[in-house]
Amino acid sequence: MMGPSHALSGAAVWLTGSWALDQFADYHQSPLALAVGTAVCAGGALFPDLDLSGKVTRNQGGATVARTFGVVSLFFAEVMEKVSLGVYYATKLSRDPKRNNGHRTLTHTIPFTVLVGWGTTALCTAYGKWAVIGILFFMIGLALRGLFDEWAERAGWVVVTLLSLAAAWFTYANLPGGRGYPMIGLAVGVGCFVHILGDMITRAGVPILWPIPIKRRMWTMVGLPNKIALRTGSKAEVVVLRAVMTVVAVLAAAGLVARPVLNRFDIEI
């Protein structure tokens, strides 16, 4: 799927999950916590495509995540792509095909998703709000680049970077201290997993079973059959799928807002 679809799916899943926790587990979040979780999950849903590099010296190409912070993010995408390709060749078996890039390999696996989620939680636990501000800066930038793709393209990476920094600093100033912030790590992990599921419905598929060897292949691509698989950039994705996810996100957000509003007026729900 394309970057905006990934980001929107992350936001929709987080809002829906938050609504379910609010309704059935009596787990309530503050508006700030809900906004942070939604933005981080939307950003996390773009993060696995950091393995799709572009032309660093020309500041061109690459995935949405790679273009978010200009040359800096393109450079990190180049590094991640080479690392992913290296892991592919280090672990490939006899029937795994040759590859000339690392896209849809390491960063599109369950172990990577778990590692990123756990690593985010560990950083927040160890360094508290100082780790949070860096993580939020990066993830909010990805969310802005994904959810508002056309605007971000026009505004440029400098504006996106400044807005991300301002939003991260505002959140840092208003979050309570002395906590580990495990929900941030969960949001990043959920976002990465949603990305994998999104790519599974496309023709190329993802190596979600790695590192389980299957018929002398370590990197078995799992996805829908070509007859029913989603074609990246098609009307089915850009129009239909995004419309459905937008409706789901709006309904979930409305459901989350409804309870406190009705409770304020002492209306039973």
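This structure is a prediction, so every number in the text was calculated from the model and none was measured.

Draft legend 1. Structural view of the packing of aromatic side chains. Inspection of every chain in the model, using the stated rule, returns eleven aromatic pairs. Geometrically, the ring pair formed by F47 and F112 is stacked, given 6.0 Å between the ring centres and 15° between the ring planes. Note that F47 is positioned in the loop between α2 (31-44) and β1 (54-55) and F112 in helix α5 (residues 110-127), a separation of 65 residues in sequence. Every member of this aromatic cluster is reached through a ring pair, and the members are F47, F69, F112, F137 and F138. Residue placement shows K129 over the ring face of Y172; its charged tip is 4.7 Å from the ring centre.

Draft legend 2. How the structure looks around the state of the cysteines. Under the defined criterion, the tally for this structure stands at zero disulfides. Unpaired in this structure, C41 has its nearest cysteine sulfur neighbour in C192, at a distance of 8.9 Å. No disulfide involves C124; its sulfur sits 14 Å from that of C192, the nearest cysteine.

Draft legend 3. Molecular detail of the UniProt feature "transmembrane region" (unreviewed entry) in the protein chain. Here, the residues flagged by UniProt with the feature "transmembrane region" (unreviewed entry) are residues 30-48, 69-90, 130-148, 155-172, 184-210 and 239-258. Strand forms 0% of residues 30-48 and helix 74%; the C-alpha atoms that close the span are 28 Å apart. Within residues 69-90, the helical portion is 91% and the strand portion 0%, while the C-alpha atoms at the span's ends are 30 Å from each other.

Draft legend 4. Broad picture of a nonpolar patch on the surface. Residues M2, V238, V239, V240, V244 and V248 make up a contiguous nonpolar surface patch of roughly 450 Å² in combined accessible area. Within the secondary structure layout, V239 lies in helix α10 (residues 235-264).

Draft legend 5. Layout of the pattern of salt bridges. Scanning the entire structure with this criterion turns up seven salt bridges. Here R242 makes a salt bridge to E237, at a shortest N to O gap of 4.0 Å. Across this residue pair, the class does not change: R242 and E237 are buried. Three or more residues joined by partner-sharing salt bridges are found here, namely E78, E81 and K82.

Draft legend 6. Inspection of helix α8 (residues 157-174) at higher detail. Relative to the 26 Å expected for 18 residues at 1.5 Å per residue, α8 spans 26 Å between its end C-alpha atoms, a close match to the ideal helical length. Among the residues of α8, those classed as buried are V160, T161, S164, A168, T171 and Y172. Axial view of α8: buried residues confined to an arc of 100°, hence all on one face. Exposed side chains of α8 directed beyond 90 degrees from the buried face belong to L162, F170 and A173. Those residues of α8 that are buried are in contact with α2, α6 (129-147) and α7 (149-155).

Draft legend 7. Seen up close, the environment of E153. Considering the arrangement of structural elements, one finds E153 in helix α7. Each C-alpha atom, one on E153 and one on L106, is 28 Å from the other, the two residues being 47 residues apart in sequence.

Draft legend 8. Main features of the environment of E81. Note that E81 resides in helix α4 (residues 71-91). Ignoring sequence-local partners within four residues, the contact set of E81 consists of L50, D51, S53, N100, N101 and G102.

Parameters and conventions
- Residues numbered from 1 in each chain as written.
- Predicted model: local features only at pLDDT ≥ 70, side-chain atom pairs only at ≥ 80, totals over all residues.
- Heavy atoms only, no water.
- Phe/Tyr/Trp six-rings, centres within 6.5 Å; stacked < 30°, edge-to-face > 60°.
- Helix = DSSP H or I, 4+ residues; strand = E, 2+ residues; numbered from the N terminus.
- Lys NZ or Arg CZ within 6 Å of the ring centre and 35° of its normal.
- Disulfide = S-S within 2.5 Å.
- UniProt positions renumbered as here; feature names shortened; annotations may be inferred.
- Patch = residues over 30% accessible without salt bridge, like charges linked within 9 Å, V, L, I, M, F, W, Y side chains within 5 Å.
- Areas by Shrake-Rupley, 256 points an atom, 1.4 Å probe, with all protein chains shown as cover.
- Salt bridge = Lys/Arg side-chain N within 4 Å of Asp/Glu carboxyl O.
- Buried < 20%, exposed > 50% of the residue type's maximum accessible area, 1.4 Å probe, protein only.
- Expected span 1.5 Å × (residues − 1).
- Arc of directions from axis to C-beta.
- Contact = heavy atoms within 4.5 Å.

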